[in-house]
Amino acid sequence: MLDSKLEHEQPIIEKLPHIAEHLCAECKTHYAEVKRQLDLRGVAYQENWRLVRGLDYYMRTTFEISAPGLGSQNAVCGGGRYDGLVELLGGPATTKALDLPSAPIG
């Protein structure tokens, strides 16, 4: 539902709660720090409460980089914080990781 592009579903989606309204205290702090770090570095970003990207395995942070002018399929790259990735590949469980799964345009 969150990723629906159907025009008649948009008013329903707009009324749904934002995930940020349901973050634990630790996740709220982490989220604020991610945004602070982006701001410090002058990285422009736009929060998207409807971003649907691997909610079953990503932890805390997901992202998508899009390019204007590409239409509805404008994502160039996307991924997120995937703390279990290194362990899944046989490494130590304490190693944090970032997953960049999207394929290039073309």
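Everything that follows concerns the structure shown earlier in this document.
Counting secondary structure elements, the protein chain contains three helices and three strands. Pairs at least 24 residues apart make up 33% of the contacts formed inside the protein chain by residues separated by at least 6 positions. In the form shown here, the protein chain has an accessible surface area of approximately 8,000 Å², with 58% of it arising from carbon and sulfur atoms.

Taken together, the side chains of Ile65, Leu70 and Val76 make up a nonpolar region of the molecular surface, amounting to roughly 230 Å² of accessible area. Its location among the elements puts Val76 in strand β2 (residues 75-81). You can call Val76 partly exposed: its relative accessible area is 33%.

Right, let's talk about the pattern of salt bridges for a bit. Evaluation of the coordinates by the stated rule reveals two salt bridges. A salt bridge links Glu33 to Arg36, with the shortest nitrogen-to-oxygen separation between them at 2.9 Å. Of this pair, Glu33 and Arg36 both sit in helix α2 (residues 25-40), three residues apart, which is roughly one turn of that helix. Judged by relative accessible area, Glu33 falls into the partly exposed class, the value being 34%. Owing to a relative accessible area of 43%, Arg36 belongs among the partly exposed residues under this scheme.

Across its 16 residues, α2 extends 23 Å between first and last C-alpha, which sits within 8% of the 22 Å expected from 1.5 Å per residue. Once α2 finishes, Gly42 follows within two positions and takes phi at roughly 70°, a positive value.

Cut-offs used in this document
- Residues numbered from 1 in each chain as written.
- Predicted model: local features only at pLDDT ≥ 70, side-chain atom pairs only at ≥ 80, totals over all residues.
- Heavy atoms only, no water.
- Helix = DSSP H or I, 4+ residues; strand = E, 2+ residues; numbered from the N terminus.
- Contact = heavy atoms within 4.5 Å.
- Areas by Shrake-Rupley, 256 points an atom, 1.4 Å probe, with all protein chains shown as cover.
- Patch = residues over 30% accessible without salt bridge, like charges linked within 9 Å, V, L, I, M, F, W, Y side chains within 5 Å.
- Salt bridge = Lys/Arg side-chain N within 4 Å of Asp/Glu carboxyl O.
- Buried < 20%, exposed > 50% of the residue type's maximum accessible area, 1.4 Å probe, protein only.
- Expected span 1.5 Å × (residues − 1).

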